[in-house]
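# A look at the structure
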Amino acid sequence: MCGRFAQVIKYDRLQKLEKELRLTQKAQQLELNFNVAPTQTVSAVLSQDAGRYIGAFRWGLIPSWSKEIPSYSMINARAETITEKPTFRSGLQRQRCLLPANGFYEWRKSDKQPFFVHAANDDLIYMAGIYDAWYGPDGSYVPSLTIITTAANTAMSQIHDRMPVLLFDENRQAWLEHKNTDASSFLPLLQPAAEDSIAMYKVGKLVNKVGNNTEECLLPEE
DNA sequence: CCAGACGTTGTT
DNA sequence: GTCTGG
DNA sequence: CCAGACGTTGTT
DNA sequence: GTCTGG
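Notes on the structure follow. (Residues numbered from 1 in each chain as written. Chains lettered and ligands numbered in written order. Predicted model: local features only at pLDDT ≥ 70, side-chain atom pairs only at ≥ 80, totals over all residues. Heavy atoms only, no water.)

## Quick look at the pairing of strand S8 (residues 114–119)
Judged by how many residues are buried, S8 sits mostly within the fold: 6 of 6 residues are covered. As paired elements, strand S7 (residues 103–107) and S8 share 5 bridges and run antiparallel to each other. Residue Trp107 lies in a different strand from S8, and its bridge partner there is Pro114. Hairpin connection of S7 to S8: 6 residues between the antiparallel strands, including Lys112 at a positive phi of 65°. By the bridge criterion, 5 bridges tie S8 to strand S12 (residues 198–202) in an arrangement that is antiparallel. (Buried < 20%, exposed > 50% of the residue type's maximum accessible area, 1.4 Å probe, protein only. Helix = DSSP H or I, 4+ residues; strand = E, 2+ residues; numbered from the N terminus. Pairing = 2+ DSSP bridges.)

## Comments concerning the protein's contact with DNA strand E
Surveying the vicinity of DNA strand E reveals the residues Trp65, Pro86 and Arg89. When atoms of DNA strand E within 4 Å of the protein are split into backbone and base, the sugar-phosphate part holds 27%. (Near = heavy atom within 4 Å.)

## Examining the protein's contact with DNA strand B
Around DNA strand B, the surrounding shell holds 17 residues, and the nearest of these are Tyr72, Arg78, Thr87, Thr149 and His160. Taken together, the sugar and phosphate atoms account for 65% of what DNA strand B places within 4 Å of the protein. Between DNA strand B and Tyr72 there is a distance of 2.5 Å, counted from a base oxygen to a side-chain nitrogen or oxygen. Contact between DNA strand B and Asp161: a phosphate oxygen at 3.2 Å from a side-chain N or O atom of the residue. Secondary structure elements with two or more residues in the surface near DNA strand B: strand S5 (76–78) and helix H2 (86–94). (Polar contact = N/O pair within 3.5 Å; in protein donor to acceptor, adjacent residues only side chain to side chain.)

Read these as spatial facts, not as claims about activity.
Pasting the structure below:
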């Protein structure tokens, strides 16, 4: 699954992101978060008729029809069943997004050892997500999102049996194109990442504590 | 028809 | 054990 | 995801 | 909103 990640996108990488994902609006410098946890605010790229840009969302989907902010946080959506779930269906069709990240943290099931999983070439990874907008009875407005998970690939399966859906190259464009409402244009993208696309290393238990939001979270251990 | 749920993971 | 908060 | 709390009554 | 159960 994906329950923690690093979103530390400094100026140079942001410039590259804007170009590669063909943003139509220039992005503001983003908050640097070495230890993003559920319910926190995260940045994601989305396309609408008005253009393609980076927005801020609460991590943990709040469906638009919710009466209140749910106590249970829907931080992940299973790719295998996503089309069957009313909670995700409309978002999947029209409100897809990509979460740029340096990588994500995964705790080895057997011993709770945390690992940092990142792109083999050290570029940013892009996790597939869907978003929704929620309007509270008091007039509050809360955009939120969830990260799609799939089966772990062989490399990942050493530590865990799930992983976020990662998109590369032109698949990113295809996923973001909101005018593609035909499931056949985006469902096939929801697959485990290619074996050679990711790499991982052990990190310290420092990352366990949400309050630890420093570069140290990314330091290799041993 | 209306009422009520709508989620994932890990563990057992 | 289970729920909440981050 | 992990960490940390988890309760009531009466008195101040 | 949309699906399921009765």
